[in-house]
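The primary structure of each chain is shown beneath.
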Amino acid sequence: MIKTEIGYTTPETITVRGKNLATELLGKVDFVDMMLLTIFNRTPSPAEKAMINHILVTACDHGLTPSAMSARLTFLGAPEAMQAAVAAGLLGAGSVFLGTTQNCAEMLAAGAADLSDDPDQAACDAAARAMLSVSRAKKQPVYGIGHPIHVHGDPRVPTLCQLAQELGFHGKHWRLMDAVHRVLLQDRNKNLPMNVVGAIGAIICDMGLDPMIARGLMLVGRAGGLVAHLYEEREHPIGQQIWDLVLAQDERNVAPVR
């Protein structure tokens, strides 16, 4: 028998995680409650709910990012298929943009596996050096540090740090992420501060959640931002201008016919 434990529908009812959608959930829970109930089969604690909300706010929009441009250009070609434009924007959530929160959380979970719940700076620095050695040996990037625009520090990180401390999710994984910055500066003279990927990856681990949830939350949050870009694209389009820039570049690269 093929089934899912998440929910089912009969002619009379819709049931999600054993609760009647119409009488037990609708009008009684908000979206974050419902999302986490659906994923984990439990409602979140107040602290968990607040932290997830903060992560979703952080993920929603960062301007004309590759995901936003992909969505706008898809909408330019297929304005009748808004869902395709949102999907196009989300499909780019990989190991370079947006999806790196999962990579970072996996890195931190492995790196902090042998740390106590309350490690001192020396222990964190040692774990960071070991983690960096593993990344170098495997020729993998070190996730969660540096930023092409916020070269002097990601402005989101201090706020997320304060929120994580207030809500009880500032633990050994955040300390390990701090240690990565410190060790790189001491050992290699590289000043690469923690970025938002490192902050969210650390928070997800300190919440005890699966690293996969880090990527999932970024996708959920960014979906809302992409809807905003598509709404603006319909009202004040710029997709054609983006395409025109590409065409102009192509024309410059074409050798003149003689």
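Residues numbered from 1 in each chain as written. Predicted model: local features only at pLDDT ≥ 70, side-chain atom pairs only at ≥ 80, totals over all residues. Heavy atoms only, no water.

## What about the overall build of the protein chain?
Point 1. Of the regular secondary structure elements, the protein chain holds 12 helices and 3 strands.
Point 2. C-alpha atoms of the protein chain, sized along the principal axes, occupy 70 × 65 × 35 Å.
Point 3. Buried residues in the protein chain amount to 40% of all 258 residues.
Point 4. When contacts within the protein chain are restricted to residue pairs at least 6 apart in sequence, long-range pairs at least 24 apart make up 72% of them.
Point 5. Taking the average location of the 22 positive side-chain charges in the protein chain and that of its 26 negative ones, the two points are 6 Å from each other. (Helix = DSSP H or I, 4+ residues; strand = E, 2+ residues; numbered from the N terminus. Buried < 20%, exposed > 50% of the residue type's maximum accessible area, 1.4 Å probe, protein only. Contact = heavy atoms within 4.5 Å. Lys, Arg positive; Asp, Glu negative; His and termini not counted. Charge placed at Lys NZ, Arg CZ, Asp CG, Glu CD.)

## Section: the domain arrangement of the protein chain
Point 1. Splitting the protein chain by domain gives domain 1 (1-44) and domain 2 (45-238).
Point 2. Using C-alpha coordinates to define each centre, domain 1 is positioned 28 Å away from domain 2.
Point 3. On the domain 2 side, the residues contacting the 11 residues of domain 1 number 11 residues.
Point 4. When domain 1 packs against domain 2, the two sides together hide about 800 Å² of surface, and 73% of this comes from carbon and sulfur.
Point 5. Of all residues in domain 1, Val-32, Met-35 and Pro-44 give up the largest surface area on contact with domain 2, accounting jointly for 48% of the area buried on that side.
Point 6. At the junction of domain 1 and domain 2, the tally comes to 3 salt bridges.
Point 7. For Asp-33, the salt bridge goes to Lys-49, with nearest N and O atoms at 3.0 Å. (Domains from an automatic or database assignment. Buried area = accessible area lost by both parts, 1.4 Å probe. Salt bridge = Lys/Arg side-chain N within 4 Å of Asp/Glu carboxyl O.)

## Focus: the sheet that holds strand E2 (residues 14-16)
Point 1. In spatial order, the strands read E1-E2-E3; together these 3 strands make up an open sheet with antiparallel pairing. Whereas interior strands pair on both sides, the edge strands pair on one side only; in this sheet they are strand E1 (7-9) and strand E3 (19-20).
Point 2. The pairing of E1 with E2 spans 3 bridges and is classified as antiparallel. Residue pairing across strands places Tyr-8 opposite Thr-15, the latter belonging to E2. (Pairing = 2+ DSSP bridges.)

## Thoughts on the confidence of the model for the protein chain
Point 1. Counting all residues, the mean pLDDT for the protein chain is 93, and 97% of those residues have values of 70 or more.
Point 2. Within the protein chain, helix H8 (residues 156-167) carries the highest mean pLDDT (98), whereas helix H12 (residues 239-253) carries the lowest (83). (pLDDT = per-residue confidence, 0-100.)

## Overview of unusual backbone geometry
Point 1. One non-glycine residue, Arg-17, adopts positive backbone phi at about 50°.
Point 2. Among the secondary structure elements, Arg-17 is positioned in the loop between E2 and E3.
Point 3. Look at Arg-17 and you get buried, because its relative accessible area is 19%.
Point 4. Positive phi, close to 60°, is recorded for Asn-41, a residue that is not glycine.

## Some details on helix H4 (residues 66-77)
Point 1. Taking 1.5 Å of rise per residue, 12 residues should cover 16 Å, and H4 covers 17 Å from first to last C-alpha, within 8% of that figure.
Point 2. Within the sequence span of H4, burial applies to Ser-67, Ala-68, Ala-71, Arg-72 and Phe-75. Angular distribution of buried residues about the axis of H4 spans 130°; they occupy a single face of the element.
Point 3. In this fold, the buried residues of H4 make contact with helix H5 (82-91) and helix H11 (211-235). (Expected span 1.5 Å × (residues − 1). Arc of directions from axis to C-beta.)

## A look at the environment of Asn-103
Point 1. In this fold, Asn-103 is placed in helix H6 (residues 100-111).
Point 2. Take Asn-103: its relative accessible area is 16%, and that puts it in the buried class.
Point 3. For the pair Asn-103 and Ala-214, spaced 111 residues apart in sequence, the C-alpha to C-alpha distance is 8.9 Å.
Point 4. The residues contacting Asn-103, other than those within four sequence positions of it, are Ser-95, Tyr-143 and Arg-215.

## What to know about the nonpolar core
Nonpolar side chains tend toward joint burial in soluble globular proteins.
Point 1. By size, the foremost hydrophobic cluster in this structure holds 51 residues, and its most contacted members are Ile-52, Leu-108, Trp-174 and Ile-203.
Point 2. For this core, the secondary-structure elements that each account for two or more residues are helix H2 (31-40), helix H3 (46-59), H6, helix H7 (121-137), H8, helix H9 (172-188), helix H10 (196-206) and H11.
Point 3. Taken domain by domain, this core gets at least three of its residues from each of domain 1 (1-44) and domain 2 (45-238).
Point 4. What Trp-174 contacts, discounting residues up to four positions off in sequence, is Val-157, Leu-160, Cys-161, Met-194, Ala-199, Ala-202, Ile-203 and Asp-206.
Point 5. In terms of nonpolar packing, the next biggest core, distinct from the first, is built from 6 residues, Ala-71, Ala-85, Val-86 and Leu-230 among them. (Core = buried A, V, L, I, M, F, W, Y, C linked by side-chain atoms within 4.5 Å.)

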